[in-house]
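Descriptive structure summary
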Amino acid sequence: FKSSGNPFEILGIDPTFEIDAKTLDEAYFARQTLAHPDRFVHHSGPEQEAATAQSSFLNQAYEILKNPTLRAKALLKLKGIEICGEEEGKTVQDPEILEEMMNLQEALAQAISPYDFTCLEKKIQDCLHDVKASFSSAICQNKDQELTGLFLRLTYLSKLMEDIKVRRRQSS
């Protein structure tokens with residue numbers, strides 16, 4: 001197979017936001033078993049290089065589809081939707097998203113105790129759950145006008161979860 005740049009196509013998975021982890025793993029390992037460079041040790045140089053490239057495409061596709069934010073970005077790309085805020089120099093323009101971001105960043109900055117971090121983490125997990133459900137629904141219903149804002153929320157909430165983990169480690 002050749003790389004199309006479409007991670008869903010590379011792994012033979014329907015282009016949807018909701019992906020069962022077991023299905024993803026099975027698709028990846030089935031393809032990786034066929035394309036893994038170790039299977040081509042006794043083949044010609046060009047065949048070994050092709051196997052290495054195919055294995056790399058599979059690894060990249062798998063990493064993209066495992067990560068909800070990267071998977072959402074791949075779906076937007078398939079739909080031809082440009083993502084504001086991704087390009088250098090652009091910022092978030094939606095005042096509601098901006099206010100939510102600022103409030104959550106302020107809460108993180110004020111978090112001191114393990115309880116503070118746990119409460120904030122729970123709040124963000126709940127928000128992430130809602131955003132993922134909304135994104136999935138918008139994809140399925142072709143509500144393209146909603147997808148960019150949902151993607152931006154998904155991105156910053158995911159980043160904030162990582163920031164909480166870092167701050168939690170620093171405070172302990």
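Residues numbered from 1 in each chain as written. Predicted model: local features only at pLDDT ≥ 70, side-chain atom pairs only at ≥ 80, totals over all residues. Heavy atoms only, no water.

Across all of its chains, the model carries four aromatic pairs by this definition. Ring geometry for Y28 versus F29: centroids 4.9 Å apart, planes at 70°, classification edge-to-face. Residue classification places F29 among the partly exposed residues on the basis of a relative accessible area of 47%. The interplanar angle of 15° and the centroid separation of 4.0 Å between the aromatic rings of Y28 and Y62 together place this pair among those described as stacked. One end of the pair, Y28, is in helix α2 (residues 21-35); the other, Y62, is in helix α3 (residues 45-66), with 34 residues separating them in the sequence. Here the two residues Y28 and Y62 agree in accessibility, since each one is buried. An aromatic cluster is defined as three or more aromatic residues linked by ring pairs; in this entry it consists of Y28, F29 and Y62. A cation over a ring is seen here: R71 above F17, with NZ or CZ 4.9 Å from the ring centre. (Phe/Tyr/Trp six-rings, centres within 6.5 Å; stacked < 30°, edge-to-face > 60°. Buried < 20%, exposed > 50% of the residue type's maximum accessible area, 1.4 Å probe, protein only. Helix = DSSP H or I, 4+ residues; strand = E, 2+ residues; numbered from the N terminus. Lys NZ or Arg CZ within 6 Å of the ring centre and 35° of its normal.)

Taking 1.5 Å per residue, 27 residues should reach 39 Å; helix α6 (residues 114-140) reaches 39 Å between its end C-alpha atoms and fits that length. Within α6, the full set of buried residues consists of F117, L120, E121, I124, C127, L128, V131, F135, S136, A138 and I139. Where α6 is buried, its residues meet α4 (68-79), α5 (95-110) and α7 (144-171). Positive backbone phi, approximately 55°, marks N142, located one or two places after α6. (Expected span 1.5 Å × (residues − 1). Contact = heavy atoms within 4.5 Å.)

In this model, α5 (16 residues) spans 22 Å end to end at C-alpha, consistent with the 22 Å of a helix rising 1.5 Å per residue. Within the span of α5, buried status applies to I97, E100, L104 and L108. The buried residues of α5 all sit within an arc of 70° when viewed along its axis, so they share a single face. Pointing more than 90 degrees away from the buried face of α5 are the exposed residues P95, E99, M102, A109 and Q110. Among the structural elements, α6 and α7 are those in contact with the buried residues of α5. (Arc of directions from axis to C-beta.)

For the chain, per-residue confidence averages 88 on the pLDDT scale, and residues scoring 70 or more make up 92% of the total. For the chain, per-element mean pLDDT is lowest for α3, which scores 87, and highest for α6, which scores 96. Ignoring residues within four places in sequence, the model shows residues 86-90, a span with pLDDT below 50, making five contacts including any to other chains. (pLDDT = per-residue confidence, 0-100.)

The subject of this paragraph is the state of the cysteines. A covalent bond bridging the sulfur atoms of two cysteines is what the word disulfide describes. For the structure shown, the criterion picks out zero disulfides. C127 supplies the cysteine sulfur nearest to C119, a cysteine that is in no disulfide, at a spacing of 14 Å. With relative accessibility at 36%, the residue C119 sits in the partly exposed group. (Disulfide = S-S within 2.5 Å.)

It is worth spelling out the side chain of E121 at this point. Position of E121 relative to the elements: it lies in helix α6. If we ignore the near neighbours within four places in the chain, the residues touching E121 are M161, I164 and R168.

Time to look at the environment of L11. With respect to the secondary-structure elements, L11 resides in helix α1 (residues 7-11). Given a relative accessible area of 0%, L11 falls into the buried group. Sequence separation of L11 and L65 is 54 residues, and the distance between their C-alpha atoms is 9.2 Å. Leaving out residues up to four positions away in the same chain, L11 has contacts with L24, A27, Y28, R31, L58, A61, Y62 and L65.

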